[in-house]
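Residues per chain, in single letters:
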Number of protein chains: 2
Amino acid sequence: MLKALKNILSPEQVSTNQTILQQHSKDESYHTPSLPDIVVFPMTTEEVSKIMKLAYQYKVPVVPFGRGSSLEGHVIPYNKGITIDFSLMNKVLEIKEEDFLVKVQPGVTRTQLNKELKKYGLFFSVDPGADATLGGMAATNASGTTSVRYGVMRDQVRDLEVVLGDGTVIHTGNLAAKSSSGLHLNGLFVGSEGTLGCFTELTLRVYGIPEYVMAARASFPTVHDAVSAVVGILSAGIPIARVELIDEQSMKQANLFSETDYQEVPTLFMEFHGNEAGLKQDVEFMKEIVADYRCQGIEFETDQAELNRLWEARHNLAYAYIHGYPGKKLMVTDVCLPISELAGAIEHAREELEKFGLPGGIVGHVGDGNFHALLMIDVTSQEEIKKADKFNESIVLYALERGGTCTGEHGVGVGKQKYQEKEHGAALMVMEKIKRALDPDNLLNPNKIMKLTD
Amino acid sequence: MLKALKNILSPEQVSTNQTILQQHSKDESYHTPSLPDIVVFPMTTEEVSKIMKLAYQYKVPVVPFGRGSSLEGHVIPYNKGITIDFSLMNKVLEIKEEDFLVKVQPGVTRTQLNKELKKYGLFFSVDPGADATLGGMAATNASGTTSVRYGVMRDQVRDLEVVLGDGTVIHTGNLAAKSSSGLHLNGLFVGSEGTLGCFTELTLRVYGIPEYVMAARASFPTVHDAVSAVVGILSAGIPIARVELIDEQSMKQANLFSETDYQEVPTLFMEFHGNEAGLKQDVEFMKEIVADYRCQGIEFETDQAELNRLWEARHNLAYAYIHGYPGKKLMVTDVCLPISELAGAIEHAREELEKFGLPGGIVGHVGDGNFHALLMIDVTSQEEIKKADKFNESIVLYALERGGTCTGEHGVGVGKQKYQEKEHGAALMVMEKIKRALDPDNLLNPNKIMKLTD
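Computed from a prediction, not measured in an experiment: that's the story for all the values here. Residue positions are given per chain, counting from 1 as you read along its sequence in written order. All chains are assigned letters beginning with A, and all ligands numbers beginning with 1, in the order in which they are written. Local features in a predicted model are, by the rule used here, given only for residues with pLDDT of at least 70; side-chain atom pairs are given and counted only at 80 or more, and totals for whole chains, interfaces and linings are based on all residues. The side-chain values count all of the structure's non-hydrogen atoms but skip hydrogen atoms and water molecules.

### Some remarks on the UniProt feature "domain: FAD-binding PCMH-type" (unreviewed entry) in chain A
UniProt positions are given in the numbering used here, feature names are shortened, and annotations may be inferred rather than shown by experiment. Sites flagged by UniProt as "domain: FAD-binding PCMH-type" (unreviewed entry) map to residues 32-209 of chain A. Runs of H or I in DSSP of at least four residues are treated as helices and runs of E of at least two as strands, each being numbered from the N terminus. Here residues 32-209 of chain A is 24% helix and 24% strand, with 41 Å between the C-alpha atoms at its ends.

Now the structure itself:
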């Protein structure tokens, strides 16, 4: 197989170097690393197709790899085989300004894309915090701080070029804003975590940079008040572009790491996009609403440097925790619930954290009903892993019982597999049938999302 | 089979009456009618499941039926068998105000739902013109005048209860605003036109009725100017909620039918939703933009009665044509293109109409890049059908060559099947594999979207 790969790729595109293998053995989470046999670095769709044809012929598993910023072990090659690293396919291929579309290779990162788009007065909306690749973000249906306004990754994907397991190259969509033609493959392939094929090109929707941006930081006596205020803002139809909850513990961690001096109480970081007159009216209304929920103080920012400082502090939170607990590894819960259930779910999570005696904080994309408990765990202690796992399970079951999902944006990988049957019931069988129909030998990122048993 | 059905349903729920069969033999289009063998009227999911189990056992085709307002022959049972009419499953089951969600049975129509929602200050956004059922709208991924702002049917579906071919009941989603759990079945089942299962319950996203609504009618010397103005408005980031193009011929037809006296020139019907201050700023900006595109006059409306009159004239256009050409039948083209290609496509369509000497007008959801040529054809004349077909083909090929789709919102049914291979290429094989995996005996609305050949 190695020899066959070296026939179709140049020597520096095929590696069995230990350091390279190790770099591709893990993601940013607590999941146990495992080495691939070979790492390849294709530069074109044609090369990916050739690699897939070989893997199909030799029955070797294939794992696509972006930046390794996944949080549920998605890219860890537990079945060995070939890891396809897309870092050399990192070009922004086309910007169609008038159509608000951009065509990129899968290895382009979101900050790289936004730097390019800025020249055109455009931006790409999905912002998961990590500087992930767009291929990886599509593979997990990533979202983040702005999805309350602009939607998740799946909402931005107009077309994917996908190399299937047998090397066939397909397009899942087209460039039109909407279509009712054929079965909808775009939505199916987004979030498929490499289990149905490898993405080699993405056509994505982008937006004009808003005319006017205003941010606010609002402090509350309790997390419950903060979440209730968000429900109030959404119910009033105020088109908020970002609304992040950061609890007391996380504000402390943020201040330590980002050298900010924000008040260490439950806080909402908010952002509003629109025209000046409209925003001023919206913000006046919003001030009245948060006052009803015992808001203790609200600070506004329109200055770009201050805006950046605010969101940087938010984005660095995971790293702030990692820094604050040297030697420990990050576990992040990721449930999403109907917004009416969110306050209760966060309260429950806080109680469980205390009960299990686990250090950690809670942050959330509360406009979507999505929150994360950030836990720092000692992965050398089986007892601590078990405890964290029990905690995660308790959070997930609470969400599933209330119409929620076990993962709002991180995906299933290996970490959320045990909840798939409970969440999807008989629908899991439909997913399995689709997987088997498109990947009969189970070679595409095998045993991720679901484990197939014959 | 009939006997078996009568065992599980009450007598009035099973019909072989000729009038009933005839009512279920056609849709609103020019496609040739064909009778089902039996029509059933289930009242519960359990009954649908029992019907499907029987059909599976006896290998009898099943066609789901809403109101018969489809335009590409979707509901015509060319393979005979059972038609499941969902008109008795027409209850709004639950309104979750705080979550902006509503749970309905598939036979609820959109006007019925909106009447109910109005009591809560909410509305359902998808507006295809016809008073279709929500089950049918999900089955074709319908959209319409408001999708430029609120998205298409697929964007509103949070969860579907689906009865599969073997009678198994699944849920394709959950109640959370976003999820990265498992393969995304919601998106796949929406737009599947009854070929993967029958919808028995839908959970849909709804919106707050906007604080302030303003409509405008803008006249232009040419269709090209009107479309270019729309591109200008969208590029400026003005959040328009509706923007409809109505050409000269269609304005004439609208005036005749709706007894309006609008100027008979290419016209944009627009609507803006938001807060008063924001809209006023947007509209000022919009006025400057349309002036650049030789806008000859613009009239504003904020009065609800006038707003209704405007949109009624737009919605009645198809009926206006049907009325204007007694004895003829409606054929509607439905391509959607990247917006930068729209002006050229409409010009091309107008030229082709003249070339073929076909009477008809052009209207369009131009904010999405979607337009319709409305043709009245004499279905007793093979020559005229052929001509109309050639015209349609020319429109479709123009769109496909420019990254567009053969159907923006009406779906494939039987009318757009011949373009599926050209549009989807190798991806059509993926769709076929999914269809075969979920419906191995090809009993679910067989030979719609694609014809399976063994």
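### What about the relation of the copies chain A and chain B?
Superposing copies: least-squares fit, C-alpha atoms only, residues required to have pLDDT of at least 70 in both. Structural alignment of chain A on chain B gives an RMSD of 0.0 Å, achieved by rotating through 180° and translating 0.0 Å along the axis. This pairing of chains is accounted for by a two-fold axis. Of the C-alpha atoms belonging to chain A, the one lying closest to the rotation axis is found on G278(A), 1.7 Å away. Contact definition: two residues touch when any of their heavy atoms are within 4.5 Å. In this assembly, 100% of the residues forming the interface of chain A have copies in chain B that are likewise at the interface, indicating an isologous arrangement.

### Overview of the interface of chain A and chain B
Many analyses report the size of an interface as the accessible area lost when the parts associate. Counting from both sides, the interface comprises 78 residues of chain A and, opposite them, 78 residues of chain B. Counting each side, the surface lost to burial between chain A and chain B is near 5,700 Å², with a carbon and sulfur contribution of 60%. Among the residues of chain A in contact with chain B, K178(A), S180(A) and L183(A) are the three that bury the most area, contributing 15% of the side total. Salt bridge, as used here, is a side-chain nitrogen of Lys or Arg placed within 4 Å of a carboxyl oxygen of Asp or Glu. For the pair chain A and chain B, the interface holds four salt bridges. Here a polar contact is taken to be a pair of N or O atoms separated by no more than 3.5 Å, where protein atoms must pair a possible hydrogen donor with a possible acceptor and residues adjacent in sequence count only if both atoms sit in side chains. If you look at where chain A meets chain B, you find 45 residue pairs in polar contact (both at pLDDT 80 or more). At the level of secondary structure, the elements contributing two or more residues to the side of chain A that touches chain B comprise α7 (153-156), β9 (169-171), α8 (185-189), α9 (223-235), α11 (276-292), α16 (420-424) and α17 (427-438) of chain A. Among the elements that line the side of chain A that touches chain B, the one with the most residues is α17(A), at eight residues. Buried area: the sum, over both parts, of the accessible surface (1.4 Å probe) that disappears when the two are put together.

### Brief notes about the packing of helix α10 (residues 248-258) of chain A against helix α13 (residues 317-324) of chain A
Residue and element names in this part refer to chain A. Every axis corresponds to a line fitted to the C-alpha atoms, with the helix fit spanning only the stretch in contact, and the corresponding angles, defined between N-to-C directions, vary from 0 to 180 degrees. Relative to each other, α10 and α13 sit at 80°, their axes nearing to 9 Å. Between α10 and α13, the crossing angle belongs to the class labelled roughly perpendicular. For the pair α10 and α13, the contacting residues are Q249, S250, Q253, A254 and F257 in the first and L317, Y319, A320, Y321, H323 and G324 in the second. Its residues placed into classes, the contact of α10 with α13 shows six nonpolar, five polar and no charged. Orientation labels follow simple angle bins: below 35 degrees gives roughly parallel, above 145 gives roughly antiparallel, 65 to 115 gives roughly perpendicular, and whatever is left gives oblique. Amino acid classes used here: Ala, Val, Leu, Ile, Met, Phe, Trp, Tyr, Cys and Pro are nonpolar; Asp, Glu, Lys and Arg are charged; the rest, including Gly, are polar.

### Comments concerning the sheet that holds strand β15 (residues 297-301) of chain A
Residue and element names in this part refer to chain A. A pair of strands is treated as paired once DSSP finds two or more bridges between them. The strand order across the open sheet formed by seven strands is β15-β12-β14-β13-β17-β18-β16, and the pairing between neighbours is antiparallel. Bordering the open sheet on either side are β15 and β16 (329-332), each of which pairs with just one other strand. Ignoring strand direction, the axes of neighbouring strands in this sheet form an average angle of 20°. Bridge analysis of strand β13 (residues 240-246) against strand β17 (residues 360-365) gives three bridges, and the strand direction is antiparallel. Looking at the pairing, I246 lines up with V363 of β17. Here α10 sits on the sheet in contact with β13, β14 (267-274) and β17, set at roughly 95° to β17. In the packing of helix α12 (residues 304-315) onto the sheet, the strands contacted are β12 (212-219), β13, β14, β15 and β17, and the crossing angle to β14 comes to about 130°.

### Overview of the pattern of salt bridges
On inspection of all chains with the given rule, the structure shows 47 salt bridges over all chains. Residue E401(A) pairs with R402(A) through a salt bridge whose shortest N-O separation is 3.6 Å. The partner of D99(B) in a salt bridge is K96(B), and the shortest N-O contact between them spans 3.8 Å. Classification of D99(B) by relative accessible area gives buried; the value is 9%. Each residue is assigned to one of three classes by its accessible area relative to the maximum for its type, calculated with a 1.4 Å probe on protein chains only: buried under 20%, partly exposed between the two thresholds, exposed over 50%.

### Overview of the packing of helix α12 (residues 304-315) of chain B against helix α13 (residues 317-324) of chain B
Residue and element names in this part refer to chain B. It is at 4 Å that the axes of α12 and α13 come closest, and there the two elements cross at 50°. Looking at the two axes, α12 sits oblique to α13. In contact with A313, R314 and H315 of α12, α13 contributes L317, A318 and Y319.

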